[in-house]
Amino acid sequence: QVQLVESGGGLVQAGKNLTLSCASSGTVFSLFAMGWYRQAPGKERELVACIPSGGMPNYAESVKGRFTVSRDNAKNTVYLQMNSLKLEDTAAYYCARYRGGHCLIGVGYWGQGTQVTVSS
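Residues numbered from 1 in each chain as written. Predicted model: local features only at pLDDT ≥ 70, side-chain atom pairs only at ≥ 80, totals over all residues. Heavy atoms only, no water.

Peer 1: Can you lay out the sheet that holds strand E3 (residues 18–24) for me, pointing to particular residues and giving the numbers?
Peer 2: Reading across from one edge, E1-E3-E8-E7 is the order of the four strands in this open sheet, with antiparallel pairing throughout. A strand with exactly one partner marks an edge of an open sheet, and here the two such strands are strand E1 (4–7) and strand E7 (67–72). When the angles between neighbouring strand axes are averaged without regard to direction, this sheet yields 15 degrees. Where E7 lies against strand E8 (residues 77–82), six bridges are found, and the strand directions are antiparallel. When the bridges of E8 are listed, Ser70 appears paired with Tyr79. (Pairing = 2+ DSSP bridges. Helix = DSSP H or I, 4+ residues; strand = E, 2+ residues; numbered from the N terminus. Axes fitted to C-alpha atoms, helices over the stretch in contact; angles between N-to-C directions.)

Take a look at the structure:
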C-alpha cells in the first residue's frame, strides 16, 4: 500500500507564495507520474499539475505561469511551488500517484489533502 503525505498548506495572503510537498512511501517512485489536484467547496476535484516519470509536466490553464511542479526521486517527494496566489486558488490540495509513468493513465493513490487558503 502506497501512502502519500502532503505538507505545506496554510493561510497566505494574495500575491504571496507557498510550496506544497508530498512524500511517498513505497519503492520505484521514479517510475510513476505524480500529480496535484485541488477541490474547492462545492466544486469538483480538478487537476492542477502532473509530472510524468519522464518528460515535461502539464498544468491547468488557470495556474500556468504561476505554479511549478517538480519531483525529487531520491527523496520520493513531489513539490508544488505556487507563486502569486489568488483568492480562487483556495482549496484542499491533494497529491496523487498515477498508475503508470504518464499522466493519462489515471490515479492509483491519493493523499489525505492539505488546505490552502488565500486571503485578501
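Peer 1: Could you give me a rundown of the state of the cysteines, with the residues and numbers involved?
Peer 2: A full pass over the atoms with the stated rule returns two disulfides. Between the sulfur atoms of Cys22 and its disulfide mate Cys95 the distance is 2.0 Å. Its S-S torsion of approximately -80 degrees makes the covalent link between Cys22 and Cys95 left-handed. Highlighted residues: Cys22 in strand E3 and Cys95 in strand E9 (residues 91–98), separated in sequence by 73 residues. Taking the relative accessible area as the measure of exposure, Cys22 reaches 0% and is therefore buried. Each sulfur of the disulfide joining Cys50 and Cys103 lies 1.9 Å from the other. (Disulfide = S-S within 2.5 Å. Buried < 20%, exposed > 50% of the residue type's maximum accessible area, 1.4 Å probe, protein only.)

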